[in-house]
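Working through the structure, step by step
These are the residues of each chain, in order.
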Amino acid sequence: MSIYDYTLTDGNGNAVAMEQYRGKVLLIVNTATGCGFTPQYESLEAMYSKYRDRGFEIIDVPCNQFAGQTPGTDEEIHDFCTIRYGTEFPQMKKSDVNGENALPLFTYLKSQKGFEGFGKGPAALAMGAMLKTIDKDYKNNPDIKWNFTKFLVDREGNVVARYEPTYDMKKVDEAVAALL
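Residues numbered from 1 in each chain as written. Predicted model: local features only at pLDDT ≥ 70, side-chain atom pairs only at ≥ 80, totals over all residues. Heavy atoms only, no water.

**What about the sheet that holds strand β3 (residues 25–31)?**
- Sheet architecture is open: 4 strands sit in the order β4-β3-β5-β6, paired in mixed fashion. Every interior strand has two partners, whereas the edge strands, β4 (56–62) and β6 (159–163), have only one. Averaged over all neighbouring strand pairs, the angle between strand axes comes to 15 degrees, with direction disregarded.
- Looking at chain direction, strand β5 (residues 150–153) and β6 are connected through 4 bridges and run antiparallel. Residue pairing for β6: phenylalanine 151 is matched across the bridge by arginine 162. (Pairing = 2+ DSSP bridges. Helix = DSSP H or I, 4+ residues; strand = E, 2+ residues; numbered from the N terminus. Axes fitted to C-alpha atoms, helices over the stretch in contact; angles between N-to-C directions.)

Written as structure tokens, this is what we have:
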């Protein structure tokens, strides 16, 4: 299997074949509208505006699995993102990224790039402390840990990096630019 073998559903119920993104650099993100990391939409949209003409796409997958931070319908989520952050990148249907109902695409992504840590700094320490109360073994499984986990995919469909929500968005931008 490759990333191009999967299909998602957009917020309007339309099938979106990942095959249509062949040859592009992708950043696939599970997002939330009511999270401390929600302002990352601003950085994501800035990257999209800067790089989309060079073959870059962001795939936004809203997810309500983390503290219920993505309430609302797909239409409400879309309206929030476009009005508040001016997002123009494709937004998919609200979906699970972990567990038995996880999107197969996310199961694949996690198999390609497992959890490697939250890095350093106050946000990383806070995330680690919080997750220990939820899953004492969180460091040893590939599950998505929180909203705004990002997977970077190169033009050949290889999952080249996984960025936890605490990762510096400027460094994500640099990594995207390096693949373009």
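**Here's the deal with the pairing of β4**
- Of all 7 residues in β4, 7 are buried, a share of seventy percent or more.
- Neither face of β4 is exposed, since Phe56, Ile58, Asp60 and Pro62 on one face and Glu57, Ile59 and Val61 on the opposite face are all buried.
- Bridge count between β3 and β4: 7 bridges; the pairing is parallel. If you follow valine 29 over to β4, its bridge partner there is aspartate 60. (Buried < 20%, exposed > 50% of the residue type's maximum accessible area, 1.4 Å probe, protein only.)

**Some thoughts on the pattern of salt bridges**
- Scanning all chains against the criterion turns up 7 salt bridges.
- The shortest N-O distance in the salt bridge between lysine 50 and aspartate 173 comes to 3.0 Å. With lysine 50 in helix α1 (residues 40–51) and aspartate 173 in helix α5 (residues 169–179), this pair connects stretches of sequence that are 123 residues apart.
- Given a relative accessible area of 47%, lysine 50 falls into the partly exposed group.
- In this structure, aspartate 74 engages lysine 93 in a salt bridge whose closest nitrogen and oxygen atoms are separated by 4.0 Å. Residue aspartate 74 is located in helix α2 (residues 74–85), and its partner lysine 93 is located in the loop between α2 and α3 (104–112); the two are separated by 19 residues in the primary sequence.
- On the basis of relative accessible area, aspartate 74 is assigned to the buried category, the value being 19%. (Salt bridge = Lys/Arg side-chain N within 4 Å of Asp/Glu carboxyl O.)

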